[in-house]
Amino acid sequence: MQPPQRYASLVEDPDAFRAACGRPLPSVVRVNTLKTSVKRAREALDAEGVGYEPTDWHPGVLKLDERGPGTSWPYFHGWLHGQEEVSTLPALALDPQPGEVVWDACAAPGSKATQIAALMDDEGVVIGNDNNLGRLSALRHNAERLGVTNLAVTNQDARNFSLKPFGDRTRDERRIEEFDRALVDAPCSCEGTIRKNPDAFEEWSLSHVEGVAGVQKGILRRAVDATRPGGTVVYATCTFAPEENEAVVDHVLGGDCELREWEPPEGFDTDPGITEWQSETYDSSLELAHRVYPHRNDTGGFFCAKLEVTA
Amino acid sequence: MSDDGTDSSDGTDPDAGSAAASDADPPENDSHRFDRLPATAGDRVVPGRPTRNEVIEWWDDRYGIPPSTWESHTFWERGNGKLWAFAGDVVSPVDAEGLGLRILRTRQEHWKPSTNAVQRFGPEATRNVVTLDGEEAARFARGDDQDLPRWDGDWGYVIAAHDIAGGVEPIGVGLYLHGELRSTVPKGRREDLRS
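Residues numbered from 1 in each chain as written. Chains lettered and ligands numbered in written order. Predicted model: local features only at pLDDT ≥ 70, side-chain atom pairs only at ≥ 80, totals over all residues. Heavy atoms only, no water.

What follows covers the UniProt feature "active site" (unreviewed entry) in chain A. Residue and element names in this part refer to chain A. Taking the numbering used here, the UniProt-annotated feature "active site" (unreviewed entry) corresponds to Cys-238. Tracing the chain through its elements places Cys-238 in the loop between strand 9 (227-237) and helix 8 (246-252). Classification of Cys-238 by relative accessible area gives buried; the value is 17%. Cys-238 has contacts with Cys-188, Cys-190, Glu-191, Gly-192, Thr-193, Gly-301 and Phe-302, leaving out every residue within four places of it along the chain. (UniProt positions renumbered as here; feature names shortened; annotations may be inferred. Helix = DSSP H or I, 4+ residues; strand = E, 2+ residues; numbered from the N terminus. Buried < 20%, exposed > 50% of the residue type's maximum accessible area, 1.4 Å probe, protein only. Contact = heavy atoms within 4.5 Å.)

Listed below in C-alpha cells is the structure:
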C-alpha cells in the first residue's frame, strides 16, 4: 500500500491527514539571530510591505503571506533564512549550548546547522558534514550568508565518520575526540515533503524505504558511538514510514543510549512515536519520540527522537 | 552554486591580473588545508603568510573595527592568501571543506574584505563606511557601479551601507575610485530590491 493510505491507521483523522497532504505549504522563514533581532527583522519586513504572521509557537519563525524570502532587504542582509517550519524542531530538541562541540551528520544545505550555530551564539564548534560534495557548496553559501563563524565543513560518509582530521588520537591539546551533541537529520524517503514535492508519493517504493533505513541505522549508530556519555543525539526525518523512524531508533537502543522526554514548544502539536507496525514491535520508550502529521500544525510531516548517550 | 569566492572575478579588483603571480596561484578549491595564522611576525614560518596581529590591525586601521571584536576568533589561511575567521580553535593544519567565514583576501597590495565579512562584522565599523540612500543601495545590491562624487573619504575598498529598521547596516564591499563606487557584490548574492 502506498502513502498516504499506508499511514491512515496511524492518525486519528485520516481524512484531514490526506487533505493536508494535498495542500501547498506556506512559505516560512526563520530569523537569523546571529545578525539581527526578531524585532528588527520584523520591522524591516513591515517597512517593505512584506506580509507575514508569526507562528503560534516560535516568535522567530514567520509565515509569509506570499512570495518567497529571496527578494527582500532583510533576506539580502542574511537576517532571514527560508526554512520549513517543522524543520526547526530538531535543533530545538538538540538544545546545543555555547562552547560545545556539535556534529551535524547530514548538514547540507544547512538550515539546521545554521540554526544550531545561532542557538550556540556562534561559540564552540559545529562540524557540518555531508557526503554529497555538490550540496556542500549550498551549505557553505548559506552559512556564510548568515554570518556563521563556528562551522567546520567536512565531506565524509557519516556512517564511518572520522575525527582524524581534527586531531583524534594525537596529543594535540586542540584535538576533538568526541561530540557533546549530534544531530542525525537523515536522508529519507521524504514522504513528509509531499506538500512541496508533489511527486514524493509517486516515486515511493518499499524497496527504497528499506534501503535507506539501512543507511539511517549506520549513521545513527556512528552518532551514538562518537558522542560522549551524557551527551545528546537527536534523530530526525521528514518521513512517516516507521521503518525509517521508530525501527531505526529501536535498532540502536540497548546498552549505550536511551530515549529522553522532550516537548516541542507550547502550541506545536505532535503525536507520540509508535511501538507496533505491521508485524514489528518496538521498545516502549519509542513513545517519547514525536510524529508530526501535516494536518496538526499546517506543516510538512516529520519525526524527531531525542536520545541520551549513557555509556 | 557559487560562494563568495567569485568576488574577484567581476573585474573590479584592482589587484586582479596586476601581478603575473596571480595567474600562477593554485585554484581556490585545490586545497582543503587550513593553516592557523601565526600570532606575530616573529612566529611566522611560511613566508608571506599574514599574521593574526596584521589582520586585526588592518580591520582597525581601515574600518575602525575594534581589535576586541576578534578576541574569540582564530584566523586561517587556505590556498594563497584567502583568510577565514573561525569562532573556535582546532588543530592546525586541518583538512576541511570550510572553516568559519571567509573574511579577507591578502597577499596582494590591497587586501580585500568579503561581502559576508562586512555584513557580519561591519556594523562595528566607524571609518570608510559609505551610507547610501534608497536608490543607491538598490543599485549597489544589483551589482551596478555608480557615480558617487559626494564621497570624500579614502579610495579603495569601502563598506557600503544603508539605513534599515532603525540602524545603519552594511550591504557589502564597494571599490571607490575616481568618483565612482563599484559594487563587488558577488553574482550569487545580487538581488533586485526595492529602493
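The tally for this structure, following the rule as stated, stands at 20 aromatic pairs over all chains. Residues B:Trp59 and B:Trp70 carry aromatic rings whose centres are separated by 5.5 Å and whose planes lie at 45° to one another, so their mutual orientation is tilted. One end of the pair, B:Trp59, is in helix 2 (residues 52-63); the other, B:Trp70, is in the loop between helix 2 and strand 2 (74-78), with 11 residues separating them in the sequence. Neither residue differs from the other here; B:Trp59 and B:Trp70 are each classed as buried. In textbook terms, an aromatic cluster arises when at least three aromatic residues are bridged by ring pairs, as seen for B:Trp58, B:Trp59, B:Tyr63, B:Trp70, B:Phe75, B:Trp111 and B:Phe121. Positioned over the ring face of A:Tyr75 is A:Arg145, at 3.9 Å from the centre of the ring. (Phe/Tyr/Trp six-rings, centres within 6.5 Å; stacked < 30°, edge-to-face > 60°. Lys NZ or Arg CZ within 6 Å of the ring centre and 35° of its normal.)

Turning our eyes to something else, we now look at a negative patch on the surface. Residue and element names in this part refer to chain A. Among the surface-exposed residues, Glu-53, Asp-56, Asp-65 and Glu-66 lie close enough to one another that they form a single negatively charged patch. Take Glu-53: it is sitting in strand 2 (residues 52-54). You can call Glu-53 exposed: its relative accessible area is 51%. (Patch = residues over 30% accessible without salt bridge, like charges linked within 9 Å, V, L, I, M, F, W, Y side chains within 5 Å. Areas by Shrake-Rupley, 256 points an atom, 1.4 Å probe, with all protein chains shown as cover. Salt bridge = Lys/Arg side-chain N within 4 Å of Asp/Glu carboxyl O. Lys, Arg positive; Asp, Glu negative; His and termini not counted. Charge placed at Lys NZ, Arg CZ, Asp CG, Glu CD.)

Next up on the list: the interface of chain B and chain A. Listed as interface residues are 46 residues of chain B and, on the opposing side, 43 residues of chain A. Taking both sides of the interface into account, the surface hidden between chain B and chain A amounts to around 3,700 Å²; carbon and sulfur atoms contribute 56%. The interface formed by chain B and chain A contains 3 salt bridges. Two residues, A:Arg40 and B:Glu169, come together in a salt bridge whose shortest N-O distance is 3.1 Å. The interface formed by chain B and chain A includes 20 residue pairs in polar contact (both at pLDDT 80 or more). Elements that contribute at least two residues to the side of chain B that touches chain A include exactly strand 3 (82-86), strand 4 (94-95), strand 5 (98-99), strand 6 (101-105), helix 3 (115-121), helix 4 (134-142), strand 10 (156-164) and strand 11 (167-177) of chain B. (Buried area = accessible area lost by both parts, 1.4 Å probe. Polar contact = N/O pair within 3.5 Å; in protein donor to acceptor, adjacent residues only side chain to side chain.)

What follows covers the pairing of strand 6 (residues 125-129) of chain A. All names here are of chain A. Among the 5 residues that make up strand 6, 5 are buried, leaving the element largely enclosed by the rest of the structure. Side chains Val-125, Ile-127 and Asn-129 project from strand 6 onto one buried face, and the interleaved Val-126 and Gly-128 project onto a second face that is buried too. Pairing between strand 5 (residues 101-104) and strand 6: 4 bridges, direction parallel. Bridged to Asp-104 within strand 6 is Gly-128. For the handedness criterion, the β-α-β arrangement of strand 5, helix 5 (residues 111-119) and strand 6 is classed as right-handed. When strand 6 meets strand 7 (residues 151-154), the two strands line up parallel, connected through 4 bridges. Bridge pairing in strand 7 links Asn-129 to Thr-154. (Pairing = 2+ DSSP bridges. Right-handed = clockwise from strand over helix to strand, strands pointing away.)

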